[in-house]
Amino acid sequence: MKFFIDTANLDQIKEAQDLGILDGVTTNPSLMAKEGISGEDKVIAHYKAICDIVDDNVSAEVIAVTYDEIIKEGEALAALDAKIVVKVPMIKDGIKAIKYFSSKGIKTNCTLIFSAGQALLAAKAGATYVSPFLGRLDDIGSEGLTLVEDIRTIFDNYGYPTQILAASIRGPLHIIACAKLGADVMTGPLTAILGLLKHPLTDSGLATFLADHKKAAASITQQ
């Protein structure tokens, strides 16, 4: 399972990269704005800075919603760095654009997936990734994990190479559940990833080991 971090914060991206388990980054206009990044030139420069940190897979989202503009913006983003994955919304013109990008060898991430049918269309168009939004479905009383399971079944039935990128991850339990269901990728905040490190028995066990070591060292010193 690939681990992506969903942020535009360079410090968090560096911390995740330093862990040695980071496979990519997803970001969007909202996350850019959260970091005070606005204006085309600054956004482009920020994408380049992210690409300088990570090894691969930087999802850069288009703002356009019409076919011609999506193509124009997506090609410009793809030209920034070979690591760029063009993030395209799940709309009619978005599907058409994904088909075009696929024919040109440009990697794509179809975002805002909320149904298996949407994921199927994106896969048929040749999307590299589809991003079902688990947390947002959970927020409205739907079951996000069921969507991941349905998409996995459909893709396996027909051998689609499109990867399932489980998005809107809220915590470590989401990550584990997605891994059990066979999601190819998860993307979430750094807190969700670091949450996998934690267990009270690990903390108490380490405290015991250190205390015993201290006692043993003190005993040796006294002899």
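Residues numbered from 1 in each chain as written. Predicted model: local features only at pLDDT ≥ 70, side-chain atom pairs only at ≥ 80, totals over all residues. Heavy atoms only, no water.

Visitor: Please explain the pattern of salt bridges as it appears in this structure.
Guide: Opposite charge on two side chains permits them to pair, given that their charged atoms come into close proximity. Within the structure shown, the criterion is met by four salt bridges. As a salt-bridge pair, Asp 156 and Arg 152 come within 3.2 Å of each other at their nearest N and O atoms. Taken together, the residues Asp 156 and Arg 152, both in helix H8 (residues 144–158) and four residues apart, mark about one turn of the helix. Note on Asp 156: relative accessible area 51%, which makes it exposed. When salt bridges with common partners are traced through the structure, they connect Arg 152, Asp 156 and Asp 184 into a single cluster. (Salt bridge = Lys/Arg side-chain N within 4 Å of Asp/Glu carboxyl O. Helix = DSSP H or I, 4+ residues; strand = E, 2+ residues; numbered from the N terminus. Buried < 20%, exposed > 50% of the residue type's maximum accessible area, 1.4 Å probe, protein only.)

Visitor: Honestly, the packing of aromatic side chains in this entry has me stumped. Any pointers?
Guide: Going through the model one piece at a time under the given rule, you end up with five aromatic pairs. Taking the centre distance of 5.7 Å and the plane angle of 50 degrees together, the rings of Phe 114 and Phe 133 count as tilted. Note that Phe 114 is positioned in the loop between strand E5 (108–113) and helix H6 (116–125) and Phe 133 in the loop between strand E6 (129–132) and helix H7 (134–139), a separation of 19 residues in sequence. Since its relative accessible area comes to 33%, Phe 114 is described here as partly exposed. In this structure an aromatic cluster arises from ring pairing among Phe 155, Tyr 158 and Tyr 160. Over the face of the ring belonging to Tyr 67 we find Lys 96, whose NZ or CZ atom lies 5.1 Å from the ring centre. (Phe/Tyr/Trp six-rings, centres within 6.5 Å; stacked < 30°, edge-to-face > 60°. Lys NZ or Arg CZ within 6 Å of the ring centre and 35° of its normal.)

Visitor: Just to check I follow, could you spell out helix H5 (residues 92–103) for this structure?
Guide: Structural remark: α-helix, 3.6 residues per turn; residues separated by three or four positions point the same way. With twelve residues, H5 extends 17 Å between its outermost C-alpha atoms, agreeing within 8% with the 16 Å of an ideal straight helix rising 1.5 Å per residue. Among the residues making up H5, those that are buried are Gly 94, Ile 95, Ala 97, Ile 98 and Phe 101. Along the axis of H5, the buried positions cluster into a sector of 160 degrees, meaning they face one direction only. Of the exposed residues in H5, the ones pointing more than 90 degrees away from its buried face are Lys 92, Lys 99 and Ser 103. Elements in contact with the buried residues of H5: helix H4 (67–78), strand E4 (84–89), E5 and H6. Of the residues flanking the end of H5, it is Gly 105, one or two places downstream, whose phi is positive at about 75 degrees. (Expected span 1.5 Å × (residues − 1). Arc of directions from axis to C-beta. Contact = heavy atoms within 4.5 Å.)

Visitor: Would you take a moment to explain the packing of helix H1 (residues 10–19) against helix H3 (residues 40–53) for this structure?
Guide: Axes are the key here: two packed helices are described by the angle between their axes and the distance separating the axes. The N-to-C vectors of H1 and H3 enclose an angle of 15 degrees; their axes lie 10 Å apart at closest approach. In this view, H1 runs roughly parallel relative to H3, as classed from their interaxial angle. Between H1 and H3 the crossing geometry is right-handed. Of H3, the residues touching H1 (which contributes Leu 10, Ile 13, Lys 14 and Gln 17) are His 46, Ala 49, Ile 50 and Ile 53. (Axes fitted to C-alpha atoms, helices over the stretch in contact; angles between N-to-C directions. Parallel < 35°, antiparallel > 145°, perpendicular 65-115°, else oblique. Left-handed = near helix turned anticlockwise from the far one by under 90°.)

Visitor: What is the right way to look at the side chain of Thr 187 in this model?
Guide: Tracing the chain through its elements places Thr 187 in strand E8 (residues 185–188). A polar contact of 2.6 Å, which involves the side chain of Thr 187, links it to the side chain of Thr 26. Aside from chain neighbours lying at most four places away, what touches Thr 187 is Phe 4, Ile 5, Asp 6, Thr 26, Leu 165, Ala 166, Ala 167, Ser 168 and Ile 169. (Polar contact = N/O pair within 3.5 Å; in protein donor to acceptor, adjacent residues only side chain to side chain.)

So far we have only geometry, and geometry alone does not tell us how the molecule works.
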